[in-house]
Amino acid sequence: TMAVRDAFSAQTQAQTDLGVFLFYSSGYQDYDDSDLTATTLRPGESFTVSNFVVENIGTVDALSPEIQWYLVPTINSWSGARYLGTTTHSALNRNSWYSSTRTLTVPSSVPVGTYYVGAYVANSSDTIGDNDSTWLDRSINVVAIEPPSSVSASDGTYTDRVQVSWSTATGA
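Residues numbered from 1 in each chain as written. Predicted model: local features only at pLDDT ≥ 70, side-chain atom pairs only at ≥ 80, totals over all residues. Heavy atoms only, no water.

Caption draft 1: Spotlight on the pattern of salt bridges. With the rule as written, the count across this model stands at one salt bridge. Residues Asp 160 and Arg 161 are paired through a salt bridge, measuring 3.3 Å at the closest nitrogen-oxygen approach. For Asp 160, a relative accessible area of 59% translates into the label exposed. Take Arg 161: its relative accessible area is 47%, and that puts it in the partly exposed class. (Salt bridge = Lys/Arg side-chain N within 4 Å of Asp/Glu carboxyl O. Buried < 20%, exposed > 50% of the residue type's maximum accessible area, 1.4 Å probe, protein only.)

Quick look at the structure:
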């Protein structure tokens, strides 16, 4: 595609076409899903997505590609999406790509359930929208924060207060 554009540069229309993909090439004609450091998380815990691809197949350089990250209950749908953050990348020349890594945190407002990671090209200058969305085909289970255990309170030990103690809960 780029060779044709270069050969007919006078007829080439200037446009930005960024894409984001939650998979990567692991060999000749072989692809794998992007990697996740965890698939079971509690609200407030972080995970890392690695080996995702940002690509510019447009005819002009992209100065600062932005990718928005979400947890979604259904692949190929933004319905019920929970915003995780935005990643701004360095400039990306036309006809180039790079593989990247991003650490994200599950917001405390995300209810318990099964979700998928979704990524979206957020650049307003991107003129081709067909490759702006991607979803990872591996689920993340958001589980409840466990309550503390071994909770006890003093009974008659003090006249002016009550002393409460407990064991630390996982993920709290």
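Caption draft 2: Examining the pairing of strand β6 (residues 46–56) more closely. Across the 11 residues of β6, eight count as buried, placing the element largely inside the fold. As defined by bridge partners, strand β1 (residues 18–21) adjoins β6 across four bridges and the pair is classed as antiparallel. Following the sheet pairing, Phe 21 is matched in β6 by Val 53. Here strand β4 (residues 35–36) runs beside β6; their pairing, made up of two bridges, is antiparallel. Pairing of Asp 35 across the sheet is with Ser 50, part of β6. With 10 bridges joining them, β6 and strand β9 (residues 96–105) adopt antiparallel strand pairing. Note on β9: the bridge partner recorded for Val 49 is Arg 102. (Helix = DSSP H or I, 4+ residues; strand = E, 2+ residues; numbered from the N terminus. Pairing = 2+ DSSP bridges.)

Caption draft 3: Representation of the sheet that holds strand β8 (residues 82–88) in the model. Spatially, five strands are ordered β5-β11-β10-β7-β8 in an open sheet, and the strand pairing comes out mixed. Each edge of the sheet is formed by a strand with only one pairing partner; in this case those strands are β5 (40–41) and β8. Here strand β10 (residues 113–121) pairs with strand β11 (residues 133–142) via seven bridges, running antiparallel. Bridged to Tyr 116 within β11 is Ser 139.

Caption draft 4: Main features of the confidence of the model for the chain. Mean pLDDT over the chain works out to 84, with 87% of the residues at or above the 70 mark. The element-level mean pLDDT for the chain is lowest in helix α1 (residues 2–7), coming to 55, with β5 highest at 96. (pLDDT = per-residue confidence, 0-100.)

Caption draft 5: Molecular detail of unusual backbone geometry. A positive phi angle is found at Asn 51, which is not glycine, with a value near 65 degrees. Structurally, Asn 51 is set in strand β6. The class of Asn 51 is partly exposed, set by a relative accessible area of 25%. Positive phi, close to 60 degrees, is recorded for Asn 95, a residue that is not glycine. Tracing the sequence through the fold places Asn 95 in the loop between β8 and β9. A residue is classified by how much of its surface remains accessible, and Asn 95, at 48% relative accessible area, is partly exposed.

Caption draft 6: The pairing of β11, seen in detail. Bridge count for β5 against β11 is two bridges, and the pairing is parallel. Among the inter-strand pairings, Leu 41 is bridged to a residue of β11, identified as Val 142.

Caption draft 7: Main features of the packing of aromatic side chains. The tally for this structure, following the rule as stated, stands at seven aromatic pairs. Between the aromatic rings of Phe 23 and Tyr 31, the centroid separation amounts to 5.7 Å while the plane-to-plane angle is 85 degrees, which identifies the pairing as edge-to-face. An aromatic cluster is present here, built from Tyr 70, Trp 78, Tyr 83, Tyr 120 and Trp 135 joined pairwise through their rings. Sitting over the face of the ring of Tyr 158, Arg 161 holds its NZ or CZ atom 4.1 Å from the ring centroid. (Phe/Tyr/Trp six-rings, centres within 6.5 Å; stacked < 30°, edge-to-face > 60°. Lys NZ or Arg CZ within 6 Å of the ring centre and 35° of its normal.)

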